[in-house]
Amino acid sequence: SAVISQKPSRDICQRGTSLTIQCQVDSQVTMMFWYRQQPGQSLTLIATANQGSEATYESGFVIDKFPISRPNLTFSTLTVSNMSPEDSSIYLCVSGGLFHDEQFFGPGTRLTVL
Amino acid sequence: KQEVTQIPAALSVPEGENLVLNCSFTDSAIYNLQWFRQDPGKGLTSLLLIQSSQREQTSGRLNASLDKSSGRSTLYIAASQPGDSATYLCAVRWDGTASKLTFGTGTRLQVTL
């Protein structure tokens, strides 16, 4: 199984600022994803981070708000831009191969926006 | 619309009881189904993965079953312990969705002494 680390583990940010979350996987993986879990809600996929190309965003999520980078097969970043209190959530990085079915979650980044 | 539902939303049982958590899904064309555990304020831990062609998977005291025709999966926990207290989430990957998981809203389990 893949071991995933995220930084920071938590942060408290001011409205209008941006935060970049880093995700590191201990082995090369084909697929990396970013999910959001809003308070009291289940998880929602934000986007698929594609290595060497633009991320693929789910309906309701846009690149200007959630820019994503994936420079190689073990690392990705998610930026939450121009934050508002509605962005307060846990953001989770997920890895999985296209044919390696089991998906593994990072520990999450707990973001609070004041 | 492809949706995943978990009932009940919360469950409290005394230690030692066997229990069943339910997950239902609206489209039987699934690729696989995965059960996760989430502890408060933490990420998700994968418990069991059931492929579309499988009927069940077992790991220790956990057994997950899959019935595609009825759109249901169950997670059976034997001899529950206080350490089993957590939120349990099921997630479905449907055919043709390139690894996207659709999550249920979870069942919050509390095992009491």
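Relevant structure appears above.
Residues numbered from 1 in each chain as written. Chains lettered and ligands numbered in written order. Predicted model: local features only at pLDDT ≥ 70, side-chain atom pairs only at ≥ 80, totals over all residues. Heavy atoms only, no water.

**With respect to the layout of surface pockets**
Filter applied, for reference: Space inside and on the surface of the protein is sampled on a 1 Å grid over the protein atoms alone, with a cavity defined as a set of points where a 1.4 Å probe fits but cannot get out and a pocket as an open set with protein on both sides within 12 Å along at least 5 of 7 lines; lining residues have an atom within 4 Å of a point. Grid points are joined across faces, edges and corners, and a volume is the space filled by probe spheres set on the points. Starting at the N terminus, helices and strands are each numbered in turn, a helix being any DSSP run of H or I of at least four residues and a strand any DSSP run of E of at least two. Under the convention adopted here, Pro, Cys and the residues Ala, Val, Leu, Ile, Met, Phe, Trp and Tyr are nonpolar, Asp, Glu, Lys and Arg are charged, and Gly plus all remaining residues are polar.
Estimated volume of the largest pocket: approximately 460 Å³. Forming the walls of the largest pocket are 25 residues, and the residues nearest its centre are Gln37(A), Gly40(A), Gln41(A), Gln38(B) and Thr87(B). For the lining of the largest pocket, the secondary-structure elements that each account for two or more residues are strand S9 (89-96) and strand S11 (109-113) of chain A together with strand S9 (86-94) of chain B. Here the residues of the lining of the largest pocket are counted per class, giving 7 nonpolar, 14 polar and 4 charged. Each pocket or cavity is described by its volume, and for the second largest pocket that value is around 220 Å³. Forming the boundary of the second largest pocket are Ser42(A), Leu43(A), Thr44(A), Leu45(A), Glu58(A), Gln2(B), Trp94(B), Thr97(B), Lys100(B), Leu101(B), Thr102(B) and Phe103(B). At 3 residues, strand S5 (residues 43-49) of chain A tops the list of elements feeding residues into the lining of the second largest pocket. Per-class residue counts for the lining of the second largest pocket are 5 nonpolar, 5 polar and 2 charged.

**Digging into the sheet that holds strand S1 (residues 4-7) of chain B**
Residues and elements named next belong to chain B. Which entries qualify depends on this criterion: Pairing between strands is defined by DSSP: at least two bridges between the two strands are required. Axes here refer to lines fitted to C-alpha atoms; in helices the fit is confined to the stretch in contact. Angles between the N-to-C directions go from 0 to 180 degrees.
Taken together, the 5 strands give an open sheet; going across it, the order is S1-S3-S8-S7-S6, and neighbouring strands pair in antiparallel fashion. This sheet does not close on itself; its edge strands, each paired only once, are S1 and strand S6 (56-59). Neighbour-to-neighbour, the strand axes of this sheet turn through a mean angle of 15°, independent of strand direction. Note that S6 and strand S7 (residues 62-67) share 4 bridges and pair antiparallel. In the strand pairing of S7, Ser-59 is matched with Leu-62.

**Some thoughts on unusual backbone geometry**
Following Lys7(A), the chain continues to Pro8(A) via a peptide bond in cis, the omega torsion being -10°. For Pro8(A), the location among the structural elements is in the loop between strand S1 (4-7) and strand S2 (10-13). For the peptide bond that leads from Ile7(B) to Pro8(B), omega is 0°, which places it in the cis range. Among the secondary structure elements, Pro8(B) is positioned in the loop between S1 and strand S2 (10-14). Here Asn82(A), not a glycine, exhibits a phi torsion of approximately 45°, which is positive. Structurally, Asn82(A) can be placed in the loop between strand S8 (75-80) and S9. Unusually for a residue other than glycine, Ala79(B) sits at a positive phi of about 45°.

**With respect to the sheet that holds strand S3 (residues 19-25) of chain A**
All names here are of chain A. On the basis of which strands lie adjacent, the open sheet formed by 4 strands has the order S1-S3-S8-S7 and antiparallel pairing. Of all strands in the sheet, those with a lone pairing partner are S1 and strand S7 (68-72), marking the two edges. Sheet twist, expressed as the mean angle between neighbouring strand axes with direction ignored, is 15°. Bridge analysis of S1 against S3 gives 4 bridges, and the strand direction is antiparallel. Bridging from a neighbouring strand, Gln-6 pairs with Cys-23 of S3.

**A closer look at the state of the cysteines**
By definition, a disulfide links two cysteine residues through a covalent bond between their sulfur atoms. To keep things clear, this is the line we draw: Cysteine sulfur atoms are paired as a disulfide whenever they come within 2.5 Å of each other. Whether a residue is buried, partly exposed or exposed follows from its accessible area with a 1.4 Å probe, protein chains only, as a fraction of its type maximum: under 20%, in between, or over 50%, in that order.
This model, assessed by the stated rule, comprises 2 disulfides over all chains. The disulfide bridge from Cys23(A) ends at Cys93(A), spanning 1.9 Å between sulfur atoms. Because the sign of the S-S torsion sets the handedness, a value of about -70° for the bond joining Cys23(A) and Cys93(A) places this disulfide among the left-handed ones. Placement of Cys23(A) in strand S3 and of Cys93(A) in strand S9 is noted, with a sequence separation of 70 residues between them. The same class applies to Cys23(A) as to Cys93(A), namely buried. Across a sulfur-sulfur distance of 1.9 Å, Cys23(B) and Cys90(B) are joined as a disulfide pair. What sets the handedness of the Cys23(B) and Cys90(B) disulfide is the S-S torsion sign, and at about 70° it is right-handed. Of this pair, Cys23(B) sits in strand S3 (residues 19-25) while Cys90(B) sits in strand S9, and the two are 67 residues apart along the sequence. One exposure class covers both Cys23(B) and Cys90(B), and it is buried. We note that Cys13(A) lacks a disulfide partner, and the nearest cysteine sulfur, in Cys23(A), lies 18 Å from it. Cys13(A) sits in the buried class, given a relative accessible area of 7%.

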